[in-house]
Amino acid sequence: MSNDLLSKGLSLVRAWFEPPPEKVLERIRDELRECADLIGGEVSARQRAAKLAKTYTELDENGRRAFLRILLTEFGPEPERIDDAYETYRSARGSDAQWQAEAALRESLRSPRSRILTQFSASDAGVHFLVDLRAELLDFLRDDPLLAPLDLELQGLLASWFDVALLELQRITWHSPADVLERLVQYEAVHEIKSWEDLKNRLDSDRRCYAFFHPRMPSVPLIFVEVALTEGLAGDVQQLLDVSAPLFASERADTAIFYSISNTQKGLRGISFGHFLLKRVIDDLRRDFPKLECFATLSPMPGLVRWYRAHPEALAQAFTASDWRRLRAAGAPEGTELLQQLLETPEIAGTEAWREALAAPLLRAAARYLLATENDRALDPVARFHLGNGARIERLNWPADTSPKGWRQSWAIMVNYRYEPDKLQDRIDAYERDGIIEATSAVRRLAR
């Protein structure tokens with residue numbers, strides 16, 4: 001290693017552990033104390049919160065970490081006050097004074113940092129600042145687990161401020177404000193929006209797009225779903241995304257396909273909107289299109305190839321002797337070499353005959369993966385979301401997403417999850433209570 005590289009490496013290490021100057025730390029403490037003391041009315045609270053946010057955003061990464069550590073360690077609840085309140089509560093148990101003592105104990109657990117954080121809720125910019133701050137805090141947690149209690153406290157506050165009863169469902173159209181459309185392009189997490197023409201296609205008359213908005217973040221979609229109106233289940237996402245495809249007559253539609261659901265704010269992780277969004281969207285679609293009989297997704301399986309890469313023996317078990325005979329006849333390489341290619345470069349599929357021979361074992365592997373559980377929960381993150389919201393695994397489709405991403409994630413396989421409004425709650429309860437995965441008999445036969 002050259003002296004220059006060594007010197008650069010040492011400076012990075014020093015920077016990682018080096019706290020900001022004491023003068024900066026004292027300024028942070030002073031501003032935090034001002035907020036904790038709750039002096040003045042709402043205008044003062046907004047001014048203090050804005051000043052504190054400005055201080056935080058002007059700090060470098062080490063300064064922000066120090067800011068959060070000070071907030072956690074120096075602005076927590078007072079241990080002596082908790083002890084006194086607990087002793088009073090213990091003495092009052094069983095008497096008429098118990099309930100007042102319980103309220104005092106609860107109040108003793110409320111920390112000054114909660115009062116500080118709550119001041120940001122007075123303005124749109126403050127709420128958005130805290131959402132962004134938590135996103136950064138989640139990154140810091142990987143190297144600084146000491147900050148975990150602060151994350152839990154902030155998540156609890158955000159959960160109350162972003163309760164679904166406070167959210168507004170809006171349909172996004174081509175005529176929505178430009179900043180909303182730009183954020184749709186920015187936050188699309190499933191199928192990249194590649195152009196304005198692509199976006200316009202997704203907002204055409206045979207499509208719908210819905211999002212939840214919060215009154216304090218009126219131009220930021222928190223979660224959005226893209227819907228295609230079709231006849232029958234869709235099994236090829238490239239057809240749905242084809243900007244040159246003819247416009248479908250939406251009055252003929254009997255099926256609504258949810259082909260993309262994207263959460264936009266990392267800082268709201270752990271605060272669930274999905275179930276309520278889909279339920280509200282289904283209600284809205286049924287009102288506008290009474291002929292709709294089927295509500296389903298066309299979903300990726302982002303964990304499929306990754307899981308089999310960690311369990312190659314399970315992939316080998318999905319191939320039968322007849323599968324290998326068909327593959328040899330199609331000119332595919334022998335067993336170990338083929339399996340290695342599927343795991344390391346899954347988009348390599350050879351000839352059309354080779355692809356046809358791969359269909360049965362890959363669909364079998366996908367079905368087994370979808371029906372497998374760990375700790376009574378599905379292995380795939382998208383499956384956990386839809387099964388936890390009451391859906392049924394309806395059908396596997398191959399090839400369904402032949403983009404490079406589709407091959408890398410799941411050998412181009414996609415899955416339809418079906419939502420039947422009158423069965424949602426029973427399925428949610430069965431999945432949450434017993435880990436029961438609802439699937440059609442066709443999917444279960446595939447998994448044998």
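Residues numbered from 1 in each chain as written. Predicted model: local features only at pLDDT ≥ 70, side-chain atom pairs only at ≥ 80, totals over all residues. Heavy atoms only, no water.

As a further point, take the environment of Ala318. Tracing the chain through its elements places Ala318 in the loop between helix H15 (312-317) and helix H16 (321-329). Between the C-alpha atoms of Ala318 and Ala366, which are 48 residues apart in sequence, the distance is 9.2 Å. Ignoring anything within four residues of it in the chain, the contact list for Ala318 reads Asp323, Pro361, Arg364, Ala365 and Arg368. (Helix = DSSP H or I, 4+ residues; strand = E, 2+ residues; numbered from the N terminus. Contact = heavy atoms within 4.5 Å.)

This part is about the pairing of strand S8 (residues 392-397). Consecutive residues of a regular strand have side chains that alternate between opposite faces of the sheet. Most of S8 is tucked away, with five of its six residues classed as buried. Here S8 pairs with strand S9 (residues 414-419) via five bridges, running antiparallel. Bridge pairing links Asn397 to Met414 in S9. (Buried < 20%, exposed > 50% of the residue type's maximum accessible area, 1.4 Å probe, protein only. Pairing = 2+ DSSP bridges.)

What follows concerns the confidence of the model for the chain. For the chain, per-residue confidence averages 92 on the pLDDT scale, and 96% of positions sit at 70 or higher. Note on residues 6-16: pLDDT is under 50 here. Beyond four places in sequence and across chains, it has six contacts. (pLDDT = per-residue confidence, 0-100.)

Here helix H8 (residues 124-141) contains 18 residues, and its C-alpha end-to-end distance of 26 Å stays within 8% of the 26 Å for a straight helix at 1.5 Å per residue. Those residues of H8 lying buried are Gly126, Val127, Phe129, Leu130, Val131, Leu133, Arg134, Ala135, Leu137, Leu138, Phe140 and Leu141. Structurally, H8 contributes buried residues whose contacts are with helix H3 (42-58), helix H4 (61-74), helix H7 (112-118) and helix H9 (148-161). (Expected span 1.5 Å × (residues − 1).)

So, about the pairing of strand S2 (residues 207-213). Burial analysis of S2 places seven of its seven residues in the buried class, which makes it a mostly covered element. As judged from the four bridges shared by strand S1 (residues 168-171) and S2, these two strands associate in the antiparallel manner. Looking at the pairing, Glu168 lines up with Phe213 of S2. Bridge count between S2 and strand S3 (residues 223-230): six bridges; the pairing is antiparallel. By the bridge assignment for S3, Arg208 is matched with Val227.

Before going further, it helps to spend a moment on the packing of H3 against H4. In helix packing, the relevant descriptors are the interaxial angle and the interaxial distance, both defined with respect to the helix axes. Close contact between H3 and H4 brings their axes to 8 Å; oriented N to C, the two are set at 135°. As judged from the angle between their axes, H3 and H4 are oblique. Across the interface between the two elements, Leu52, Tyr56 and Thr57 of H3 pack against Arg64, Phe67 and Leu68 of H4. Across the contact of H3 with H4, the residue classes tally to four nonpolar, one polar and one charged. (Axes fitted to C-alpha atoms, helices over the stretch in contact; angles between N-to-C directions. Parallel < 35°, antiparallel > 145°, perpendicular 65-115°, else oblique. Nonpolar A, V, L, I, M, F, W, Y, C, P; charged D, E, K, R; others polar.)

The grouping of Glu78, Glu80, Asp83 and Asp84 at the surface amounts to a negative patch. Along the chain, Glu80 turns up in helix H5 (residues 79-92). (Patch = residues over 30% accessible without salt bridge, like charges linked within 9 Å, V, L, I, M, F, W, Y side chains within 5 Å. Areas by Shrake-Rupley, 256 points an atom, 1.4 Å probe, with all protein chains shown as cover. Salt bridge = Lys/Arg side-chain N within 4 Å of Asp/Glu carboxyl O. Lys, Arg positive; Asp, Glu negative; His and termini not counted. Charge placed at Lys NZ, Arg CZ, Asp CG, Glu CD.)

Here the bond from Trp398 into Pro399 is cis, since omega is -10°, no more than 30 degrees from zero. Mapping Pro399 onto the fold places it in the loop between S8 and helix H20 (404-410). Backbone geometry places Asn375, a non-glycine residue, at a positive phi of 55°. Considering the arrangement of structural elements, one finds Asn375 in the loop between strand S6 (373-374) and strand S7 (377-378). At Asp376, a position not held by glycine, the phi torsion is positive, near 60°.

Interaxial distance between H5 and helix H6 (residues 98-108) falls to 9 Å at its minimum, and their mutual angle equals 165°. The angle between H5 and H6 places the two elements in the roughly antiparallel class. As H5 packs across H6, the resulting crossing turns out to be left-handed. Residues Arg81, Ile82, Ala85, Tyr86, Thr88, Tyr89 and Ala92 of H5 form the contact with H6, whose own contacting residues are Gln98, Ala101, Glu102, Ala104, Leu105, Glu107 and Ser108. Residues belonging to the contact of H5 with H6 are distributed by class as follows: eight nonpolar, three polar and three charged. (Left-handed = near helix turned anticlockwise from the far one by under 90°.)

Assignment of secondary structure puts Arg64 in helix H4. Engagement of the side chain of Arg64 in a polar contact is seen with the side chain of Glu136, the distance being 2.9 Å. Beyond its immediate sequence surroundings of up to four residues, Arg64 is in contact with Tyr56, Thr57, Leu59, Glu136 and Phe140. (Polar contact = N/O pair within 3.5 Å; in protein donor to acceptor, adjacent residues only side chain to side chain.)

On the basis of which strands lie adjacent, the open sheet formed by seven strands has the order S1-S2-S3-S4-S5-S9-S8 and mixed pairing. Only two strands of the sheet have a single partner each, and these edge strands are S1 and S8. The mean angle between the axes of side-by-side strands here comes to 30°, regardless of whether they run parallel or antiparallel. In this fold helix H13 (residues 274-288) packs onto S1, S2, S3, strand S4 (255-263), strand S5 (294-297) and S9, with an angle of close to 135° to the strand it touches most, S2.

In this structure, Phe162, Leu285, Phe319, Trp411 and Ile413 are the most contacted members of the largest nonpolar core, which totals 124 residues. For this core, the leading source of residues is helix H18 (residues 352-371), giving eleven residues. Apart from residues no more than four positions distant in its own chain, Leu285 is found in contact with Arg208, Tyr210, Val227, Ala256, Phe258, Leu292 and Phe295. Ala234, Val237, Ile257 and Cys294 belong to the second-largest nonpolar core, a separate cluster that totals twelve residues. (Core = buried A, V, L, I, M, F, W, Y, C linked by side-chain atoms within 4.5 Å.)

Turning to the packing of aromatic side chains, a few remarks are in order. Between two aromatic rings, the relevant description is the distance of the centres plus the angle of the planes. Summed over all chains, the structure comprises nine aromatic pairs. Arranged with centres 6.0 Å apart and planes meeting at 50°, the rings of Trp307 and Tyr369 form a pair that is tilted. Placement of the pair is Trp307 in helix H14 (residues 304-310) and Tyr369 in helix H18, with a sequence separation of 62 residues. Judged by its relative accessible area of 25%, Trp307 falls in the partly exposed class. When the centroid spacing of 6.5 Å and the interplanar angle of 90° are considered together, the rings of Trp398 and Trp407 count as edge-to-face. Members of the aromatic cluster, each reached through a chain of ring pairs, are Tyr56, Phe67, Phe120 and Phe129. The ring of Tyr431 is capped by Arg377, whose NZ or CZ atom sits 5.0 Å from the centre of that ring. (Phe/Tyr/Trp six-rings, centres within 6.5 Å; stacked < 30°, edge-to-face > 60°. Lys NZ or Arg CZ within 6 Å of the ring centre and 35° of its normal.)

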